[in-house]
2 protein chains.
Amino acid sequence: MHLFISNDTTAPYATLLPDDSRHCVRVLRMTVGDELWVTSGDGTLCRARLANPHPDSCEVEIVERLTDYQPRPFHLHIAVAPTKNNARLEWFVEKAVEIGVDRITPVICDHSERTTLKTERLDKLALSAMKQSLKATRPIIDQPMKLLDFLKTLNPQSSILNPQRFVCYCSGHERNTLRQLYTPGTDALVLIGPEGDFSDREIATAIQSGFQPVTLGNSRLRTETAALYATTVLNFMNI
Amino acid sequence: MHLFISNDTTAPYATLLPDDSRHCVRVLRMTVGDELWVTSGDGTLCRARLANPHPDSCEVEIVERLTDYQPRPFHLHIAVAPTKNNARLEWFVEKAVEIGVDRITPVICDHSERTTLKTERLDKLALSAMKQSLKATRPIIDQPMKLLDFLKTLNPQSSILNPQRFVCYCSGHERNTLRQLYTPGTDALVLIGPEGDFSDREIATAIQSGFQPVTLGNSRLRTETAALYATTVLNFMNI
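Worth saying up front: this structure is predicted, and the values here are computed from it rather than measured.

Rules used in this analysis
- Residues numbered from 1 in each chain as written.
- Chains lettered and ligands numbered in written order.
- Predicted model: local features only at pLDDT ≥ 70, side-chain atom pairs only at ≥ 80, totals over all residues.
- Heavy atoms only, no water.
- Helix = DSSP H or I, 4+ residues; strand = E, 2+ residues; numbered from the N terminus.
- Buried < 20%, exposed > 50% of the residue type's maximum accessible area, 1.4 Å probe, protein only.
- Contact = heavy atoms within 4.5 Å.
- Areas by Shrake-Rupley, 256 points an atom, 1.4 Å probe, with all protein chains shown as cover.
- Lys, Arg positive; Asp, Glu negative; His and termini not counted.
- Charge placed at Lys NZ, Arg CZ, Asp CG, Glu CD.
- Expected span 1.5 Å × (residues − 1).
- Least-squares fit on C-alpha atoms with pLDDT ≥ 70 in both.
- pLDDT = per-residue confidence, 0-100.
- Salt bridge = Lys/Arg side-chain N within 4 Å of Asp/Glu carboxyl O.
- Polar contact = N/O pair within 3.5 Å; in protein donor to acceptor, adjacent residues only side chain to side chain.
- Core = buried A, V, L, I, M, F, W, Y, C linked by side-chain atoms within 4.5 Å.
- Axes fitted to C-alpha atoms, helices over the stretch in contact; angles between N-to-C directions.
- Parallel < 35°, antiparallel > 145°, perpendicular 65-115°, else oblique.
- Nonpolar A, V, L, I, M, F, W, Y, C, P; charged D, E, K, R; others polar.
- Phe/Tyr/Trp six-rings, centres within 6.5 Å; stacked < 30°, edge-to-face > 60°.
- Pairing = 2+ DSSP bridges.

Looking only at helices and strands, chain A features 7 helices and 12 strands. Along the three orthogonal principal directions, the C-alpha set of chain A runs to about 65 × 35 × 30 Å. Out of the 239 residues belonging to chain A, those deemed buried represent 54%. By sequence separation, contacts in chain A at least 24 residues apart represent 74% of the contacts at least 6 residues apart. Counting every atom, chain A has about 10,600 Å² of accessible surface; 50% of that belongs to carbon and sulfur. Taking the average place of the 26 positive charges on the side chains of chain A and the average place of its 28 negative ones, the gap between the two points comes to 4 Å.

Right under this line is the structure:
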């Protein structure tokens, strides 16, 4: 059964977003009485029936509400440097949402070649990935911010316990793996650097902010690959 | 230091592939005496010096040979149905090579919409991902074949022990996770189905061929996402 998005599913009737309305009526050719899933991305999955198949503002009647649908066992926040090639970050967002992520913050680093980023498209990709993988919780895509400013926003007290904070980088001394450091069931915040890696001051500041250096293995991974690797492994350790 | 490809690195001198020659001389503007890495993808990484910076057939002198460079702790073979959208399979190949895979077999399934596939481009992507992630072993990309024909090529005797065989599908009864079933250090062969999932006869035949049904978690993953998820998790369990 298809999943559609509405801005509000709290009333007995909900209106699908214009794109979803078009897809429902024009592409899938659904008609009055057809059953479908609808969510606003707030964690509630609603079973609904098509009431008014309008191609721009399709109205559905909500039959059943599944609150807190498939709750995630932990909160995963990935802070990742935007890639030179935008498509690579977009790809990461799609895949991360499919596998499971709660929040993505694009962080501009000292060695970032890209210093600006439009998040509208990332939001759209996250939404369609959420629909594709039948999830009812919409991940947060933050506006980009400088890494050092991002680190300032974090509470130093919570650094060791929850969320566990990890910084992945290539250069430098021996580091532990996520298996050695991460405690399943704990929330996690992971920092992934740009093509040119983090600067020394960024790594030092992250460690001062309670981030533990981790290695993702021997392979030299691209930024978006490292970000998805961490997303996959942390989800895997929680099933 | 950059890694370049040559068809043969056994002699004292090696010639880079035309694309690599161009990149070395025209893009990176390397000159006589500059150091670089070169491999033929046979597992040996060679330290070399640029001897003749010809833009089409760049000649290098091999200074040092690192045989069996970064050997993988297990052999990973992924048999995956080609995606409707070719770019998605291409993306999987690039990422899988970065993270670590030894062999990829495109398998045409009963529910595959795509029944033909050109592997030249996949080979090229695998090669550039190998260079990007500084690996010296070139993964094998097989020509596509029908899944049931592929299963016939497998030795039934080796089914339980090595490689361990896993089939991932959405439909049906309770399955175990890779963590429950996979023994680190063991070679692995993983089957990933098409958008429409495997047919019942394909699942039955796979299980008869010694494949254990596994679940990759609650999320409904796209074909290429499931394939990379399995690749990531099995590599992670081996570090």
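Attention now moves to helix H3 (residues 120-132) of chain A. Residues and elements named next belong to chain A. With 13 residues, H3 should reach 18 Å at 1.5 Å per residue; the first-to-last C-alpha distance of 18 Å fits that figure. Residues of H3 that are buried: Leu122, Leu125, Ala126, Leu127, Ala129 and Met130. Contacts from the buried residues of H3 go to strand S1 (3-5), strand S3 (35-39), helix H2 (86-99) and strand S8 (140-141). Leu134 occupies a position one or two residues after H3 and carries a positive phi of about 55°.

Placing chain B over chain A gives an RMSD of 0.0 Å and needs a rotation angle of 180°, together with 0.0 Å of translation along the axis. Look at the turn and shift together and you get a two-fold axis relating the two. Relative to the rotation axis, the closest C-alpha in chain B is found at Val233 of chain B, a distance of 3.2 Å.

Right, let's talk about the confidence of the model for chain A for a bit. Here chain A averages 92 in pLDDT, and 97% of its residues register 70 or above. Predicted as a complex, the structure gets a pTM of 0.92 and an ipTM equal to 0.91.

Turning next to the interface of chain B and chain A. Of the residues lining the interface, 31 residues belong to chain B; the matching set on chain A comes to 31 residues. Linking chain B with chain A are 8 salt bridges, by the criterion used here. When the shortest N-O distance is used, the salt bridge between Glu224 of chain A and Lys95 of chain B registers 2.6 Å. Along the contact surface separating chain B from chain A lie 22 residue pairs in polar contact (both at pLDDT 80 or more).

Here we come to the pattern of salt bridges. The full count for this structure, using the stated rule, is 40 salt bridges over all chains. In this structure, Asp56 of chain A and Arg22 of chain A form a salt bridge, with 3.4 Å as the shortest nitrogen-oxygen distance. Within this pair, whereas Asp56 of chain A is found in the loop between strand S4 (45-52) and strand S5 (59-66), its partner Arg22 of chain A is found in helix H1 (residues 18-27), the two being separated by 34 residues in sequence. Take Arg22 of chain A: its relative accessible area is 36%, and that puts it in the partly exposed class. One salt-bridge network, in which partners are shared between bridges, spans Arg88, Arg222 and Glu224 of chain A together with Glu94, Lys95 and Glu98 of chain B.

Counting 83 residues, the largest nonpolar core has Ile78, Phe92 and Val190 of chain A together with Ile78, Phe92 and Val190 of chain B as its most contacted members. Contact partners of Ile78 of chain A, with chain neighbours within four places excluded, come to Phe92, Val101, Arg103, Ile104, Thr105, Val190, Ile192, Ala227 and Thr231 of chain A.

Okay, the environment of Val27 of chain B next. Residues and elements named next belong to chain B. Structurally, the position occupied by Val27 is in helix H1 (residues 18-27). Val27 sits in the exposed class, given a relative accessible area of 55%. A sequence separation of 28 residues divides Val27 from Pro55, and the C-alpha atoms of the two residues are 9.8 Å apart.

The geometry of H2 of chain A relative to helix H2 (residues 86-99) of chain B is characterised by a closest axis approach of 13 Å and an angle of 95° between their N-to-C directions. As far as their axial angle goes, H2 of chain B and H2 of chain A are roughly perpendicular. Facing Arg88, Trp91, Glu94 and Lys95 of chain A of H2 of chain A, the residues of H2 of chain B in contact are Arg88, Trp91, Glu94 and Lys95 of chain B. Split by residue class, the contact of H2 of chain A with H2 of chain B holds 2 nonpolar, no polar and 6 charged.

On to the packing of aromatic side chains. Taken as a whole and judged by the stated rule, the model has 6 aromatic pairs over all chains. Judged by centre distance (4.4 Å) and plane angle (50°), the rings of Trp91 of chain A and Trp91 of chain B are tilted. With Trp91 of chain A in helix H2 and Trp91 of chain B in helix H2, the pair connects residues from two separate chains. The class for Trp91 of chain B is buried, based on a relative accessible area of 11%. Measuring from centroid to centroid gives 6.2 Å for Phe74 of chain B and Tyr182 of chain B, while their planes differ by 55°, and the two rings are tilted. In this pair, Phe74 of chain B is assigned in the loop between strand S5 (59-66) and strand S6 (76-80) and Tyr182 of chain B in the loop between helix H5 (178-181) and strand S12 (188-192), connecting sequence segments 108 residues apart. Each member of the pair, Phe74 of chain B together with Tyr182 of chain B, is buried. These aromatic residues form a ring-pair network of at least three members: Phe74, Phe166 and Tyr182 of chain A.

What follows deals with the sheet that holds strand S4 (residues 45-52) of chain B. Residue and element names in this part refer to chain B. Ordered in space as S1-S3-S4-S5-S2, the 5 strands form an open sheet in which the pairing is mixed. Either end of the sheet is taken by a strand with one partner, and the two such strands are strand S1 (3-5) and strand S2 (13-15). Neighbour-to-neighbour, the strand axes of the sheet open up by a mean angle of 45°, direction not taken into account. Where strand S3 (residues 35-39) meets S4, 4 bridges bridge the pair, whose relative direction is antiparallel. When the bridges of S4 are listed, Trp37 appears paired with Arg47. The sheet contacts of H1 involve S1, S3 and S4, and relative to S1 the element is tilted by about 145°. With respect to the sheet, helix H3 (residues 120-132) is in contact with S1 and S3, its orientation differing from that of S1 by roughly 150°.

All names here are of chain A. The 5 strands lie next to each other as S1-S3-S4-S5-S2, forming an open sheet whose pairing is mixed. Every other strand in the sheet has two partners, leaving S1 and strand S2 (13-15) as the edge strands with one partner each. Neighbouring strand axes in the sheet, compared pairwise and without regard to direction, differ in orientation by 45° on average. One ladder, built from 7 bridges, connects S4 with S5; its direction is antiparallel. Following the sheet pairing, Ala48 is matched in S5 by Ile62. Its contacts with the sheet put H1 on S1, S3 and S4, and the angle it makes with S1 is roughly 145°. Relative to the sheet, H3 contacts S1 and S3, its axis offset from that of S1 by approximately 150°.

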